[in-house]
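# Remarks on the overall topology
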Amino acid sequence: MLKRKSQEYLQKYPKVCLFLDYDGTLTKIRKLPELAVLDKNMREILTKLKNNKKYYLGIISGRELQDVKGLVKLNGLYYSGNHGLEIRGKGINFTHEATEKTVFLLDELASKLSENLKDTQAFIEHKGFSLSLHYRNALDEKLVSEIFHQTFDAFETTSLQLFQGKKVFEIRPKVNWHKGKAIAKLFNILDLHSNLGIIFIGDDRTDEDGFKFVNSLNGLSIHVGKGKNTAARYCLKDTNAVKDFLAFLAKWSYS
Ligand SMILES: [Mg+2]
């Protein structure tokens, strides 16, 4: 059904933004973030998509921009990191202004958390403009959650906000900005002739804002998973299904 719908969609729009989340979408979720590397086949497909004039290819990740760029290892596409706080690519070099005053706060919070959580095997990922506390490997998830909340609540949090993902707490600047806004910003820059299509694929709660924006344009919003509790209109069951779908898209030519 998704392929048939995509066929119609690709016929309707000569040029399409193809925006993809990274973890859980292009790679399986790994115990440690650095182990989530692209397999050879997926990178070949992304290279084909990048070289296909039908698409503007973008990776829209919660990771730090340099981190996700280093994992994808492809130039000439769009990258958005830190849930949209940073966006780079041809014609855009954007860092959200809210990051200026929170950078030092996040440093301070990161060191407090690592001190308080040192015996729990929870893992703090400092992403420059945001922090992630991964507790996938923790022996006692409840304890991690308790210590985390105690530490966070005692902190000066008026300019920081908390989000929850899959076995991860995310702390970001308190600003009305997210993947959906980043996708909208990028789309509006690229949409020079107002006949641009959009496809976004993601797997986690933080992708929901992206799905909503795509829905507002009647684009193809695609959830990786069972398609439950999501605003996405379509679903692909796992990263292998994503790969198969992307290979299908890569065969299209610009028309
Ligand atoms: Mg993801």
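Residues numbered from 1 in each chain as written. Predicted model: local features only at pLDDT ≥ 70, side-chain atom pairs only at ≥ 80, totals over all residues.

## Regarding the sheet that holds strand S8 (residues 160-165)
- Read across the open sheet, the four strands follow the order S6-S7-S9-S8; overall the sheet is antiparallel. Edge positions in the open sheet fall to strand S6 (123-126) and S8, since each of these has one partner strand only. In this sheet, neighbouring strand axes are inclined to one another by 20° on average, regardless of whether the strands run parallel or antiparallel.
- Sheet topology note: the S6/strand S7 (residues 131-134) ladder contains four bridges and is antiparallel. (Pairing = 2+ DSSP bridges. Helix = DSSP H or I, 4+ residues; strand = E, 2+ residues; numbered from the N terminus. Axes fitted to C-alpha atoms, helices over the stretch in contact; angles between N-to-C directions.)

## Overview of the pairing of strand S3 (residues 78-81)
- Here S3 shows no split at all, with Tyr 78 and Ser 80 on one side and Tyr 79 and Gly 81 on the other all buried.
- With three bridges connecting them, strand S2 (residues 55-60) and S3 associate as parallel partners. Pairing of Ile 59 across the sheet is with Tyr 79, part of S3.
- This β-α-β element, S2 to helix H3 (residues 65-72) to S3, shows right-handed connectivity.
- Relative to strand S4 (residues 86-89), S3 is paired through three bridges, and the arrangement is antiparallel. Within S4, the residue paired with Tyr 79 across the bridge is Arg 88.
- Counted between consecutive antiparallel strands, the loop separating S3 from S4 contains four residues, among which Asn 82 sits at a positive phi close to 50°. (Buried ≥ 20, exposed ≤ 12 C-beta atoms within 10 Å, placed from the backbone. Right-handed = clockwise from strand over helix to strand, strands pointing away.)

## Side note on the domain arrangement of the protein chain
- Looking at the assigned domains, one finds that the protein chain contains domain 1 (2-6 + 15-96 + 177-250) and domain 2 (99-173).
- Computed over C-alpha atoms, the centres of domain 1 and domain 2 are 26 Å apart.
- On the domain 2 side, the residues contacting the 15 residues of domain 1 number 13 residues.
- The residue inventory of the side of domain 1 that touches domain 2, partitioned by class, reads three nonpolar, six polar and six charged. (Domains from an automatic or database assignment. Contact = placed C-beta atoms within 7 Å. Nonpolar A, V, L, I, M, F, W, Y, C, P; charged D, E, K, R; others polar.)

## Structural notes on the sheet that holds S3
- Strand order in the open sheet formed by eight strands is S5-S4-S3-S2-S1-S10-S11-S12, and the pairing between neighbours is mixed. Of all the strands in the sheet, the pair left with one neighbour each is strand S5 (92-95) and strand S12 (234-236). On average, each strand axis in the sheet is inclined to that of its neighbour by 20°, with strand direction left out of account.
- Pairing of strand S1 (residues 15-20) with strand S10 (residues 196-202) involves six bridges; the strand directions are parallel. Following the sheet pairing, Phe 19 is matched in S10 by Phe 200.
- Relative to strand S11 (residues 220-224), helix H1 (residues 2-12) is tilted by about 150°, and along the sheet it contacts S1, S10, S11 and S12.
- Helix H6 (residues 179-190) rests against S1, S2, S3, S4, S5 and S10 of the sheet, and its axis sits at about 155° to S2.

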